[in-house]
Structure formats: structure tokens, C-alpha cells
Amino acid sequence: FLTFNYQARDVYLVLSGSGTVRVFTTDKSGKNYAGDVKNGILTVDGDRMYHIIHADASEVQSLFLEFSPGIRAYAFTFGS
């Protein structure tokens, strides 16, 4: 489990392996999930950067990620 606070409009994460990542934010509506996340689940199908959050405005949020076995996380990047 990985938890942290961020302030950005977009959150990207470089991942490798195969499996799933459950994504939770302090915004319970799920409206801020980006294209790679469907119903709070990110399916990792290869080594690449995944777009996990896109919000209308830069705001402080908490992000919670739960990784299935076989996933490796390398780097976060943020956009405003």
C-alpha cells in the first residue's frame, strides 16, 4: 500500500509487470480518475507510464494505491 498527498491536476506513474492497482483518492466520486483507471482499477499490462489522475483544477488530494503482486513502481510525475 502506498499513500501520499499531492497538489496537481494530473498524476502519472511509471509501472512495470502485470496485474492491477486499486486507486483511491480523497475525492470519493471517482470523477478525477484518468483514462488508464476504470472504476478505481488500473490494469498494468506492460512497462510504461500510466495516467491515473486528471482533475479540473490543481488541488490538494490524498492518493492511496494498493498493488497486486508482480507490479513494480518506479516514478511519479505531476502536471498542473
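Please read these numbers as outputs of a predicted model, since none were measured by experiment.

Definitions and cut-offs
Residues numbered from 1 in each chain as written. Predicted model: local features only at pLDDT ≥ 70, side-chain atom pairs only at ≥ 80, totals over all residues. Heavy atoms only, no water. Core = buried A, V, L, I, M, F, W, Y, C linked by side-chain atoms within 4.5 Å. Buried < 20%, exposed > 50% of the residue type's maximum accessible area, 1.4 Å probe, protein only. Helix = DSSP H or I, 4+ residues; strand = E, 2+ residues; numbered from the N terminus. Contact = heavy atoms within 4.5 Å.

Student: Tell me what's going on with the nonpolar core, and back it up with residues and numbers.
Tutor: In this structure, Leu15, Val21, Val23, Leu42, Ile52 and Leu63 are the most contacted members of the largest nonpolar core, which totals 17 residues. The set of elements that each furnish at least two residues to this core consists of β1 (2-17), β2 (19-25), β4 (41-44) and β5 (48-67). Sequence-distant contacts of leucine 63, that is, excluding residues within four places in its chain, are made with Leu2, Thr3, Phe4, Tyr6, Val11, Val23, Phe24, Thr25, Ile52, Ile53 and Phe76.

Student: Please give an account of unusual backbone geometry that cites residues and values.
Tutor: Despite not being glycine, asparagine 39 has its phi angle at roughly 55 degrees, a positive value. Following the sequence through the fold, asparagine 39 ends up in the loop between β3 (37-38) and β4.

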